[in-house]
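Structural overview for review
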Amino acid sequence: MQPRAEPSDKLPEAEAEAIIQVCLGHHVRRAARLFTRAFDQSLVPCGINYSQFNILVVIAAFEPVATPQIAAYMALDRTTLSRNIKPLKHAGYVDSQVGAGRRPDIISLTLSGRTVLSKAKGLWRDRQRELAQSIGPERAGQLLQILGRL
């Protein structure tokens, strides 16, 4: 009778490297971190980060907007969204109307929020153009189409 082989939790090195090379999730997350870092650096003069910028943009696009709509649009769970909105409230960039009973909070931008978003949009536009040019305008368009299908 043959001894039973113990299962190994460790992937062979070559197999792990092959997974890294073809793993869509790995490449999308890596690219997302690189893009986020680039946009974060651009937004330093505004005092907000890229995640906060995205929340402000979504609120501006749909306001007044209920928190579940923001969460769904951004593919965030509600607790993550709540945690990310708190500093925006504290800074005076967003205002929320507490929903009665089980109704969700309704979020809108304040005048300060509109001001910081206006300044941030210019910085974002410059970095967006730079990043699109670095990968090529046609590829940037293709990337948007591919990601939009997700």
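What this report covers is the structure whose coordinates are included nearby. Keep in mind the model is a prediction, meaning the values are calculated, not measured.

The next thing to look at is the side chain of Arg 127. In this structure, Arg 127 sits in helix H6 (residues 111–135). In terms of polar contacts, Arg 127 uses its side chain to reach the backbone carbonyl oxygen of Ala 38, at 3.3 Å. Here Arg 127 is in contact with Ala 38, Phe 39, Gln 41 and Ser 42, once residues within four sequence places are set aside.

Moving on to the pairing of strand S3 (residues 106–109). The side-chain alternation of S3 yields one buried face, formed by Ile 107 and Leu 109, and one unburied face, formed by Ile 106 and Ser 108. Sheet analysis places strand S1 (residues 65–66) next to S3, joined by 2 bridges and oriented antiparallel. Residue pairing across strands places Ala 66 opposite Ile 106, the latter belonging to S3. Alignment of strand S2 (residues 94–97) against S3, held across 4 bridges, turns out to be antiparallel. Of the residues in S3, the one forming a bridge with Asp 95 is Ser 108.

Turning our eyes to something else, we now look at the sheet that holds S2. Within the open sheet, the 3 strands sit side by side as S1-S3-S2. Their pairing is antiparallel. With partners counted over all chains shown, the strands left at the sheet margins are S1 and S2, one partner each. Along the sheet face, helix H3 (residues 50–62) touches S1, S2 and S3 and points at about 100° away from the line of S3.

The full count for this structure, using the stated rule, is 3 salt bridges. A salt bridge links Arg 114 to Glu 63, with the shortest nitrogen-to-oxygen separation between them at 2.8 Å. Separated by 51 residues along the polypeptide, Arg 114 in helix H6 and Glu 63 in the loop between H3 and S1 bring together distant segments of the chain. Arg 114 sits in the partly exposed class, given a relative accessible area of 41%. As a salt-bridge pair, Glu 130 and Arg 127 come within 3.7 Å of each other at their nearest N and O atoms. A residue pair is termed a helical-turn pair when its members lie 3 or 4 positions apart in one helix, as Glu 130 and Arg 127 do in helix H6 at 3 residues. With relative accessibility at 44%, the residue Glu 130 sits in the partly exposed group.

The rules behind each value
Residue numbers here run from 1 along each chain, matching the order of that chain's written sequence. A pLDDT threshold of at least 70 governs which residues receive local features in this predicted model, and a stricter bar of 80 or more applies before side-chain atom pairs are shown or counted, although totals over entire chains, interfaces and linings include all residues. Computation of side-chain values: all heavy atoms of the structure, hydrogens and water removed. The helix count covers DSSP runs of H or I at least four residues long, the strand count covers runs of E at least two residues long, and both are numbered beginning at the N terminus. Whenever a nitrogen or oxygen atom comes within 3.5 Å of another N or O atom, the pair is scored as a polar contact, on the condition that within protein one atom can donate a hydrogen and the other can accept it, and that pairs from neighbouring residues in sequence are kept only if both atoms are in side chains. Should any heavy atoms of two residues lie within 4.5 Å, those residues are counted as being in contact. The buried label goes to any residue with under 20% of its type's maximum accessible area, the exposed label to any with over 50%, and the partly exposed label to all in between, with areas taken from a 1.4 Å probe on protein chains only. Any two strands with at least two DSSP bridges between them are considered paired. Angles here are taken between N-to-C directions and fall from 0 to 180 degrees, while the axes themselves are lines fitted to C-alpha atoms, restricted in helices to the stretch in contact. Basic side-chain nitrogens of Lys or Arg form a salt bridge, by our definition, when they fall within 4 Å of a carboxyl oxygen of Asp or Glu.

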